[in-house]
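One-letter residues, chain by chain:
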Amino acid sequence: MGTRFLESLLKVSEKAANIARVIRQDEHLFKLLVQEKKGSEKNPRFVQDFKTLADVLIQETVKHDIGSQFPAIANHIFGEENNMFSNILGDTIKVEVQEDQVATASLLSMVLSGDIQAAEVLAVEVHRNLSVEEIDTDNLPQLTLPLEQCGMWIDPIDSTSEYIGGEEVKLSVGDIYQSGLQCVTVLIGVFDRISGQPILGVINQPFHSQHGSRWKGKCRWGVKFGDLSKCSTSLLSSTKDDRAKVVLLSGSEGSNLKSLLRSAGYIVAEAAGAGYKQLCVACGDADVYVLSKGSTFRWDTCGPHAILRALGGGIVSYSKVIDVDKSLEESELNYSEREGQSSGPLHCNHDGLIAFRDSSLLHELILILRQL
Ligand SMILES: [Mg+2]
């Protein structure tokens, strides 16, 4: 069962990546994605835009495919997006994958104001049967997860602004992109609802490399459950040379933090996308990702967190380790229902975070950050 579950997650993440690629590569869909509608041009029937529909459709595809194959987890699959579309009269339509391609296309065309062409292209991808050859099954472990006590978080398209805008800018630091389609990720994370620990994560990068006008994706996974730690072979083979340590930040961090890190000898790099920044840490392209603000949510971190744990790293709360001097174990982000719901926006990692692969480096970094 366990291998099949992971295999199914990889397949559905690939299906999600296909949908994301098709929307950018199909001329008609791409126009819908990038057009800025104003006033009377707006979809007269539905308030939400096409970008939101793309997000919701990917999320619902993951929910549908996993929920129908693994009923034990079906009622505990959560996503960033609300799947209710509403019009200005207050009528609502629920976007869900239907029993077949025709029915899904017909539902989508309702939200798309009768745009059958767009609805059909999307429905084909949603109902496509991926073969096992389309995913990388190298190194997949035998595992038995207690799915009845697990939950799942989905971020259908992390870094939406890069997804829509998409101009490529390469950083000087190794292979890290500051912006562009490479920063777009599909994030799926499975957590234990009792312990709140993330146990299995998938990061699919739909736009990893370009071949002519076509994009190829890349998918990484990791599992940390009990004594079992396993991940994609490509993550294990990443070799770190003796370059200076690289800290990834989002563009919104203040100059105090940047100059403190630089004066301590770190290379400071910026990149778009929480999912992408965590991926860079997991790959070893960056050493840590520091975020001092509460601008990520559980769907942004659950999957990458599981992968980092599989590699011996993790994600801790920024405020807890810096301000409160809590142990790393007490500071680790947790996904149980009661955590994070007492104050602030629901499901927000409101104390910021530090994502790391190597805990000795984290200790060193915490001492530096306490000087702020
Ligand atoms: Mg996100």
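This report concerns the structure included in the present document. Please read these numbers as outputs of a predicted model, since none were measured by experiment. (Residues numbered from 1 in each chain as written. Predicted model: local features only at pLDDT ≥ 70, side-chain atom pairs only at ≥ 80, totals over all residues. Heavy atoms only, no water.)

### Quick notes on the nonpolar core
By size, the foremost hydrophobic cluster in this structure holds 37 residues, and its most contacted members are Ile 176, Leu 235, Leu 248, Tyr 276, Ala 286 and Tyr 289. Residue assignment for this core shows that the elements contributing at least two residues are strand 7 (185-192), strand 11 (246-249), helix 10 (274-283), strand 13 (288-291), helix 11 (298-310) and strand 15 (353-356). When residues of this core are assigned to their parent elements, the largest contribution, seven residues, is made by helix 10. Judged by nonpolar contacts, the second largest core, of 34 residues, contains Ile 23, Leu 32, Val 97 and Leu 181. (Core = buried A, V, L, I, M, F, W, Y, C linked by side-chain atoms within 4.5 Å. Buried < 20%, exposed > 50% of the residue type's maximum accessible area, 1.4 Å probe, protein only. Helix = DSSP H or I, 4+ residues; strand = E, 2+ residues; numbered from the N terminus.)

### Topic: the environment of Leu 33
Topologically, Leu 33 is positioned in helix 2 (residues 27-34). With a relative accessible area of 5%, Leu 33 lands in the buried category. For the pair Leu 33 and Leu 279, spaced 246 residues apart in sequence, the C-alpha to C-alpha distance is 26 Å. For Leu 33, the residues in contact, after removing those within four places along its chain, are Ile 23, Arg 24, Phe 50, Lys 51, Tyr 163 and Ile 164. (Contact = heavy atoms within 4.5 Å.)

### Some remarks on the packing of helix 5 (residues 101-111) against helix 6 (residues 116-126)
At a minimum axis distance of 8 Å, the contact between helix 5 and helix 6 shows a crossing angle of 140 degrees. On the basis of the axis angle, helix 5 is oblique to helix 6. For the pair helix 5 and helix 6, the sense of crossing is right-handed. Where helix 5 approaches helix 6, its residues Gln 101, Thr 104, Ala 105, Leu 108 and Ser 109 are matched on the opposing element by Ile 116, Ala 119, Glu 120, Leu 122, Ala 123 and Val 124. (Axes fitted to C-alpha atoms, helices over the stretch in contact; angles between N-to-C directions. Parallel < 35°, antiparallel > 145°, perpendicular 65-115°, else oblique. Left-handed = near helix turned anticlockwise from the far one by under 90°.)

### Description of the pattern of salt bridges
Note on pairing: side chains with opposite charge can pair once their charged atoms come close. By the definition in use, this model includes eight salt bridges. Residue Glu 14 is joined to Arg 21 by a salt bridge in which the shortest nitrogen-to-oxygen separation is 3.0 Å. Residue Glu 14 is classed as buried on the basis of its relative accessible area of 15%. Overall, Arg 21 belongs to the buried group, its relative accessible area being 8%. Residue Arg 128 is joined to Glu 125 by a salt bridge in which the shortest nitrogen-to-oxygen separation is 2.7 Å. (Salt bridge = Lys/Arg side-chain N within 4 Å of Asp/Glu carboxyl O.)

### Notes on the sheet that holds strand 1 (residues 77-79)
Spatial ordering of the open sheet is given by 1-4-7-8-9-10, a layout of six strands whose pairing is mixed. Two strands in the sheet have a free side with no partner beyond their single neighbour: strand 1 and strand 10 (228-231). Averaged over neighbouring strand pairs, the angle between their axes works out to 15 degrees when direction is ignored. Relative to the sheet, helix 3 (residues 50-69) contacts strand 1, strand 4 (150-158) and strand 7, its axis offset from that of strand 4 by approximately 150 degrees. (Pairing = 2+ DSSP bridges.)

### What to know about the coordination of the magnesium ion
For the magnesium ion, the full set of protein donor atoms is Asp 155 (OD), Asp 158 (OD) and Asp 300 (OD), at a range of 2.1 to 2.2 Å. Mapping the donors of the magnesium ion onto the primary sequence gives the spacing D-x2-D-x141-D. Of this pair, Asp 155 sits in strand 4 while Asp 300 is found in helix 11, placing the two residues 145 residues apart along the sequence. Taken as a pair, Asp 155 and Asp 300 share a single burial class, namely buried. (Donors = N, O, S within 2.8 Å, 3.2 Å for Na, K, Ca; no water.)

### Section: the packing of helix 10 against helix 11
Look at helix 10 against helix 11: their axes get within 9 Å of each other, and the N-to-C directions meet at 5 degrees. By the criterion of interaxial angle, the relationship of helix 10 to helix 11 is roughly parallel. Of the residues in helix 11, those in contact with Ala 274, Gln 278, Val 281 and Ala 282 of helix 10 are Asp 300, Thr 301, Pro 304, His 305, Ile 307 and Leu 308. Taken together, the residues of the contact of helix 10 with helix 11 break down into six nonpolar, three polar and one charged. (Nonpolar A, V, L, I, M, F, W, Y, C, P; charged D, E, K, R; others polar.)

### Overview of the packing of aromatic side chains
In the structure shown here, the tally under the stated rule is seven aromatic pairs. On the basis of an interplanar angle of 45 degrees and a centroid distance of 6.1 Å, the ring pair of Tyr 163 and Phe 207 is categorised as tilted. Remark: Phe 207 occurs in strand 8 (residues 198-211) and Tyr 163 occurs in helix 7 (residues 160-165); sequence separation between them is 44 residues. In this pair, the class of Tyr 163 matches that of Phe 207, namely buried. Ring centres of Phe 297 and Trp 299 lie 4.8 Å apart, and the angle between their planes is 5 degrees; this geometry places the pair in the stacked category. For Phe 297, a relative accessible area of 21% translates into the label partly exposed. Taken together, Phe 78, Trp 153, Phe 297 and Trp 299 form an aromatic cluster joined through their ring pairs. (Phe/Tyr/Trp six-rings, centres within 6.5 Å; stacked < 30°, edge-to-face > 60°.)

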